[in-house]
Amino acid sequence: MELLLVGISHRTAPVELRERVDFHTRGVGEALRSVAERGSTREAVVVSTCNRAELYAACDDAATTGADLIAFLSEFHGVRATDLAPHVYDIRGLDAARHLFRVAGGLDSLVVGEPQILGQVKEAHTAATNAQTAGPVLNRLFHSSFAVGKRVRTETGLGSGAVSVSYAAAALAKKIFGDLRGRSVAVVGAGEMGKLTALHMKSHGVHTVTIVSRTMAHAARTAEAIGAASAAPWEELDTVLGGADIVITATGAASPILTKARVEALMRPRRNRPLFIIDIAVPRDVEPAAGEIEQLFLYNIDDLQATVRENLARRSTEVARAEAIVTEEVDRFAAWLRSRSAIPTVVALRQRFEAIRRAELERLEFKLSTLPPDARTRVDEITHLIVEKLLLTPTEQLKSLGEADTVEIYAEALTRLFELTEPEPARGTSEPPGGKLEPFTRNRSRLPR
Amino acid sequence: MMNAVPLALYAAAFVAYAWHFGRRNPVIGRTATTLLIAAALSHTFVIGMQTMEAGHVPVGGATSAISTFVWLLAVAYLYTELTTDERAMGVFILPLLVALQTIPAITPGAEEHAAVLQGPLFGVHVSSLLFAYASFALACVIGITYVLLFKEIKAKHLGFFYARLPSLQVLDRMNQRAIVIGWVFLTVGMLVGAVWALQARGGYAAGDPRVQAMSLQDPKIFVALVCWFVYSFELFAARRIGWGGRRAAYLSALGFAIVLLNLVPISYFLTKSHNF
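All values derive from a computational prediction rather than experimental measurement.

**Focus on the packing of helix H3 (residues 62-84) of chain B against helix H4 (residues 90-106) of chain B**
Axis angle and axis distance: for two packed helices, these are the angle between their axes and the distance between the axes, and together they describe the pair.
Residues and elements named next belong to chain B.
And step 1. The N-to-C vectors of H3 and H4 enclose an angle of 160°; their axes lie 8 Å apart at closest approach. With respect to each other, H3 and H4 are oriented roughly antiparallel. Handedness of the H3/H4 crossing: left-handed. For the pair formed by H3 and H4, the contact residues are Thr 63, Ile 66, Ser 67, Phe 69, Val 70, Leu 73, Ala 74 and Tyr 77 on the first element and Gly 90, Ile 93, Leu 96, Leu 97, Leu 100, Gln 101, Ile 103 and Pro 104 on the second.
And step 2. Of the residues belonging to the contact of H3 with H4, the class tally is 12 nonpolar, 4 polar and no charged.

Dropping the structure here:
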């Protein structure tokens, strides 16, 4: 059984292509059924987010399945194979496991350490469970990846701290107001940065967003772009600011619009209600001295960028710790795979011993037939127990072998020593037939940049 | 001496809370809570034993009142932690518990229960006030953390406390709630105490010099009244003149400093009316 990953991500494909290879348009469930129908995989899971579309598979022959899955990607999404080929990566064996673990840990994300990806990986696995395309190998693989995601989150600071200005602004607002639901945001100026920050606040559930601009038409257009926001004329600036909890200023004015005296006048009727002003305009829209006012929190673009830089620096030191967790879990998964790869040999060995036992019992049939029935049963039991005892230690040893190569050597030796043949398809196990030992491929495949 | 067991557990819980505050490891956090629960349970056992021994809850003397106060504060803190799922405050509360619990732990033997201290009103008086003080202790700690976070955000230096404390709004609301609850119990406790003193003076305990000393000139009663004014002002200021946030936090700290003064040094050395 080999592990295989075929897919594209923000590292290899432009957004235009990622949009076309988005599994959500036709549904992950349908994709999984189509993959299963092709018959080239034993197990399959589709991980589909806006930054990646990846197919994880367990199969018998990675080379043919890989080609088949790339063909599937192009057929299923109606993308020409030649368009797709330069962007697709095809990763095999433990490298595929490492890739998934890095994805689940947020190490492969566009914004390193972002928290959504773990949930998306979990959804992907659930979808495959529902479509009954996930089997023992991928179940184990994905559960290990959840463990990686959880450990990265709890044991490292990879996910902590905002890493973009608008995110940092929203995080600060949350530290001041707690829940942002029910809060009002005023945006002064109709520029792009103001819009972006307002959109971010909106995604955190703020109650109202009001845009105030010198040109009413600009304000209205920005309000429309944000959606469910209102616009107000310049003359109403003080009224709007009076009702707001968070103010984002982003005008192109040459001198401060909000002087300390003006802000003080705004604060008086608010009594104790805090006001958070995010001044992302250059030159600044708010007089820096206004920051001295009690219950007023004033941050300008440089302040926010400084916190972002700090967070990014902190994250990069955490990456190494997260990578160490990934490596640890890959080793653990590899050990599990190895113990699995010994299974065919174990099965063959058991069948061989059992065959010998039965043959001997049959050979001695004429002597045994004189015994009473319960004595015969005892003979059968005792011989069975002897075989079990003889096989116990070798079985355990075989399963706990450290290196993949060693497993192969031992299997080879056992096959020769006991003249093992391919085990018959065993009842009750999901093991594939095949006496030859193929633990997992160690092909090192490249990840296109 | 039985009070040493809860003291040891409180100290252990303090170490765990401090460790958790620094490292933010959830396992250590759960350990800290578990240790504190163990401490509170053992403390409950100690107080229960003393109750059975004496036939009433041990609140008659300054030392046992402090022990009961520590127990109440631990339980009140545990309640807020479990309902808000916010563990950051523990590192500030625990030192107070450890310091106060040291007093009953090193005081030998049980106190004599003065015969004059009886009747249902006396029980209401002491338990209301101890509960009020526990609320004020929580409010004080919440206020301190508010100021720490406030300063970090104002100074645009988002660091240690920023990463660990809940939002300013949440802290402010928790502070206000603790003050309201504390104020209600303080008021009830003082009124009931006054009524009890009047009854005692006019009745069975007329001859007791301590009961006779119960007037506004007594330091313990006077300071309690000062406390009441401080907290009343804080409530009024928050609602009428917008003195929330940092100013309310400072007032909470001031109020609780007075409470502590009243609870320990005044009880032991100054009061003539409350030295039981």
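**Describing the pairing of strand S5 (residues 184-188) of chain A**
Residue and element names in this part refer to chain A.
And step 1. Among the 5 residues of S5, 5 are classified as buried, and the element is accordingly described as predominantly covered.
And step 2. Residues Ser 184, Ala 186 and Val 188 point to one face of S5 and Val 185 and Val 187 to the other, with burial holding for every one of them.
And step 3. As judged from the 5 bridges shared by S5 and strand S6 (residues 208-212), these two strands associate in the parallel manner. Each residue of the ladder has a partner; that of Ser 184, found in S6, is Thr 208.
And step 4. Taking the sense of rotation as the criterion, the β-α-β connection linking S5, helix H9 (residues 192-203) and S6 turns out right-handed.
And step 5. For S5 and strand S8 (residues 246-249), the ladder comprises 4 bridges, and the chain directions are parallel. Residue pairing for S8: Ala 186 is matched across the bridge by Val 247.

**So, the sheet that holds strand S9 (residues 275-279) of chain A**
All names here are of chain A.
And step 1. Read across the open sheet, the 6 strands follow the order S7-S6-S5-S8-S9-S10; overall the sheet is parallel. Looking along the sheet, the strands with just one partner apiece sit at the ends: strand S7 (230-232) and strand S10 (296-300). In this sheet, neighbouring strand axes are inclined to one another by 20° on average, regardless of whether the strands run parallel or antiparallel.
And step 2. Sheet strands touched by helix H8 (residues 165-177): S8, S9 and S10. Its angle to S9, the strand with the most contacts, is close to 165°.

**A few points about the confidence of the model for chain A**
Residue and element names in this part refer to chain A.
And step 1. In the predicted model, chain A carries a mean pLDDT of 85, and the fraction of residues at 70 or more is 93%.
And step 2. Per-residue pLDDT, averaged within each element of chain A, yields its smallest value for H9 (81) and its largest for helix H5 (residues 94-104) (94).
And step 3. The low-confidence segment residues 425-449 (pLDDT under 50) makes 47 contacts with residues lying over four places distant or belonging to another chain.

**A closer look at the packing of aromatic side chains**
And step 1. Per the counting criterion, the structure on display carries 16 aromatic pairs over all chains.
And step 2. On the basis of an interplanar angle of 70° and a centroid distance of 5.4 Å, the ring pair of A:Phe297 and B:Phe150 is categorised as edge-to-face. Note that A:Phe297 is positioned in strand S10 and B:Phe150 in helix H5 (residues 120-154), a pairing that runs across two chains. As far as the burial class goes, A:Phe297 and B:Phe150 line up, both buried.
And step 3. Look at B:Phe21 and B:Phe161: their rings are 6.2 Å apart centre to centre, the planes differ by 45°, and that puts the pair in the tilted class. Residue B:Phe21 is found in helix H1 (residues 4-23), and its partner B:Phe161 is found in helix H6 (residues 160-164); the two are separated by 140 residues along the sequence.
And step 4. Assessed through its relative accessible area of 8%, B:Phe21 is described here as buried.
And step 5. Looking at B:Phe161, the relative accessible area reads 18%, which means it is buried.
And step 6. An aromatic cluster of at least three residues, connected via ring pairs, comprises A:Phe23, A:Phe72 and A:Phe76.
And step 7. Above the plane of the ring of A:Phe146 lies A:Lys122, whose end atom (NZ or CZ) is 5.7 Å from the centre.
And step 8. Over the ring of A:Phe297 we find B:Lys154, and its NZ or CZ is 5.7 Å from the ring centre.

Criteria and cut-off values
Residues numbered from 1 in each chain as written. Chains lettered and ligands numbered in written order. Predicted model: local features only at pLDDT ≥ 70, side-chain atom pairs only at ≥ 80, totals over all residues. Heavy atoms only, no water. Axes fitted to C-alpha atoms, helices over the stretch in contact; angles between N-to-C directions. Helix = DSSP H or I, 4+ residues; strand = E, 2+ residues; numbered from the N terminus. Parallel < 35°, antiparallel > 145°, perpendicular 65-115°, else oblique. Left-handed = near helix turned anticlockwise from the far one by under 90°. Contact = heavy atoms within 4.5 Å. Nonpolar A, V, L, I, M, F, W, Y, C, P; charged D, E, K, R; others polar. Buried < 20%, exposed > 50% of the residue type's maximum accessible area, 1.4 Å probe, protein only. Pairing = 2+ DSSP bridges. Right-handed = clockwise from strand over helix to strand, strands pointing away. pLDDT = per-residue confidence, 0-100. Phe/Tyr/Trp six-rings, centres within 6.5 Å; stacked < 30°, edge-to-face > 60°. Lys NZ or Arg CZ within 6 Å of the ring centre and 35° of its normal.

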